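A structural walkthrough
Spelled out from the first residue to the last, the chains are:
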Amino acid sequence: EAEVAQSPRYKITEKSQAVAFWCDPISGHATLYWYRQILGQGPELLVQFQDESVVDDSQLPKDRFSAERLKGVDSTLKIQPAELGDSAMYLCASSFTGGGAGRNYEQYFGPGTRLTVT
Amino acid sequence: GDSVTQMEGPVTLSEEAFLTINCTYTATGYPSLFWYVQYPGEGLQLLLKATKADDKGSNKGFEATYRKETTSFHLEKGSVQVSDSAVYFCALIVSGGYNKLIFGAGTRLAVHP
């Protein structure tokens, strides 16, 4: 069964450093999501792509976070500079299409990248 | 705004006990409702879903019924196993948008032999 791939699985970085996460969605999935999950909380959407375009980045801290999906396939989420409060699990998910009803909107999650900022 | 409230954990049960995890929601539109499960060190997996009132989602012995009148989607299982130990998240998507999932805080379940 196809899966969402993420790397690295774990990342430890010092505050003020730059860090990047990579996500490869399920083949054919047009919609890609990045979520942040702080320990003890539910995931919160950071950014959503439809193909290569951002359709929702309302919760993305744009002064330090950036995301891109240049060819509408894989995606990179970057933090620069990292802060202690960025320590969390960063989850990537994909779905066949972002809108509409039915099975096509089901989101499939990757294993996540656990970031620790020291 | 749209939100999901879950009962606080951890929930600790003995094997074969009955499980209920409460979930209520607030939504401006007519949401679809989901339960996701997260096993230690892993990402989220969709457990079950319901897209309209009175629908019952079910999977792996778990069930939840979409109750519009009480804005609830409680998760139940008749007989839990040690392997069910995980964190369970209730979530919703409000129709008409780009299918943004809104999650509850999660409920940790620990099942002991």
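1. Remarks on the sheet that holds strand β7 (residues 65-68) of chain A
All names here are of chain A. Across the sheet, which stays open at both edges, the 4 strands sit in the order β1-β3-β8-β7 with antiparallel pairing between neighbours. Edge positions in the open sheet fall to β1 (5-7) and β7, since each of these has one partner strand only. Strand-to-strand twist across the sheet, computed as the mean angle between neighbouring axes with direction ignored, equals 15°. The pairing of strand β3 (residues 19-24) with strand β8 (residues 75-79) spans 5 bridges and is antiparallel. Of the residues in β8, the one forming a bridge with F21 is L77.

2. Side note on unusual backbone geometry
Look at the link from S7 of chain A to P8 of chain A: it is a cis peptide, with omega at -10°. As for its placement among the helices and strands, P8 of chain A is situated in the loop between β1 and β2 (10-13). Q80 of chain A connects to P81 of chain A through a cis peptide bond whose omega is -5°. Within the secondary structure, P81 of chain A is located in the loop between β8 and β9 (88-95). Not every positive phi belongs to a glycine, and K60 of chain B is a case in point at roughly 55°.

3. Quick notes on the interface of chain B and chain A
Listed as interface residues are 21 residues of chain B and, on the opposing side, 25 residues of chain A. Together chain B and chain A conceal approximately 1,700 Å² of surface at their shared face, both sides included; 52% is due to carbon and sulfur atoms. Of all residues in chain B, Y98, N99 and K100 of chain B bury the most surface against chain A, accounting for 33% of the area lost on that side. Across the chain B-chain A interface, the total number found is 1 salt bridge. Among the ionic pairs, K49 of chain B bridges to E106 of chain A, the shortest N-O distance being 3.6 Å. Along the contact surface separating chain B from chain A lie 2 residue pairs in polar contact (both at pLDDT 80 or more). Residue assignment for the side of chain B that touches chain A shows that the elements contributing at least two residues are β5 (31-38), β6 (44-50) and β10 (86-94) of chain B.

4. A word on the sheet that holds strand β3 (residues 19-21) of chain B
Two orientations exist for strands paired in a sheet by backbone hydrogen bonds: parallel and antiparallel. Residues and elements named next belong to chain B. As summarised here, the arrangement of the 4 strands in space is β3-β9-β8-β7, forming an open sheet in which the pairing is antiparallel. The outermost strands of the open sheet, each flanked by one partner alone, are β3 and β7 (56-59). Ignoring strand direction, the axes of neighbouring strands in this sheet form an average angle of 15°. Pairing analysis gives 3 bridges linking β3 to strand β9 (residues 75-77), with the strands arranged antiparallel. Across the sheet, the residue bridging to T20 is E76, located in β9.

5. Here's the deal with the state of the cysteines
All names here are of chain A. Inspection of the entire model under this criterion finds 2 disulfides over all chains. Residue pairing for C23: its cysteine sulfur links by disulfide to C92, the two sulfurs lying 1.9 Å apart. When the S-S torsion is -70°, as for the bridge of C23 with C92, the disulfide is left-handed. With C23 in strand β3 and C92 in strand β9, the pair connects residues that are 69 residues apart, well separated along the chain. The exposure class of C92 is buried, given its relative accessible area of 0%.

6. As for the nonpolar core
By size, the foremost hydrophobic cluster in this structure holds 27 residues, and its most contacted members are L19, W35, L48, F73, L75 and Y88 of chain B. Among the secondary structure elements, those contributing two or more residues to this core are β2 (11-14), β3, β4 (23-26), β5, β6, β8 (62-65), β10 and β12 (107-112) of chain B. The greatest single-element share of this core, amounting to 5 residues, is contributed by β10 of chain B. Within the second largest apolar cluster, 20 residues are counted, among which are L46, L60, L77 and I79 of chain A.

7. Re the packing of aromatic side chains
As enumerated under the stated definition, the model contains 12 aromatic pairs over all chains in all. Ring centres of Y33 of chain A and Y35 of chain A lie 6.1 Å apart, and the angle between their planes is 25°; on these two criteria the pair is classed as stacked. For the pair Y33 of chain A and Y35 of chain A, one class covers both residues: buried. Each ring, one from F109 of chain A and one from Y36 of chain B, has its centre 5.5 Å from the other, and the planes form 80°; the classification is edge-to-face. With F109 of chain A in strand β10 (residues 108-109) and Y36 of chain B in strand β5, this residue pair bridges two chains. Of the two residues, F109 of chain A and Y36 of chain B, both sit in the buried class.

Calculation criteria
- Residues numbered from 1 in each chain as written.
- Chains lettered and ligands numbered in written order.
- Predicted model: local features only at pLDDT ≥ 70, side-chain atom pairs only at ≥ 80, totals over all residues.
- Heavy atoms only, no water.
- Pairing = 2+ DSSP bridges.
- Helix = DSSP H or I, 4+ residues; strand = E, 2+ residues; numbered from the N terminus.
- Axes fitted to C-alpha atoms, helices over the stretch in contact; angles between N-to-C directions.
- Contact = heavy atoms within 4.5 Å.
- Buried area = accessible area lost by both parts, 1.4 Å probe.
- Salt bridge = Lys/Arg side-chain N within 4 Å of Asp/Glu carboxyl O.
- Polar contact = N/O pair within 3.5 Å; in protein donor to acceptor, adjacent residues only side chain to side chain.
- Disulfide = S-S within 2.5 Å.
- Buried < 20%, exposed > 50% of the residue type's maximum accessible area, 1.4 Å probe, protein only.
- Core = buried A, V, L, I, M, F, W, Y, C linked by side-chain atoms within 4.5 Å.
- Phe/Tyr/Trp six-rings, centres within 6.5 Å; stacked < 30°, edge-to-face > 60°.

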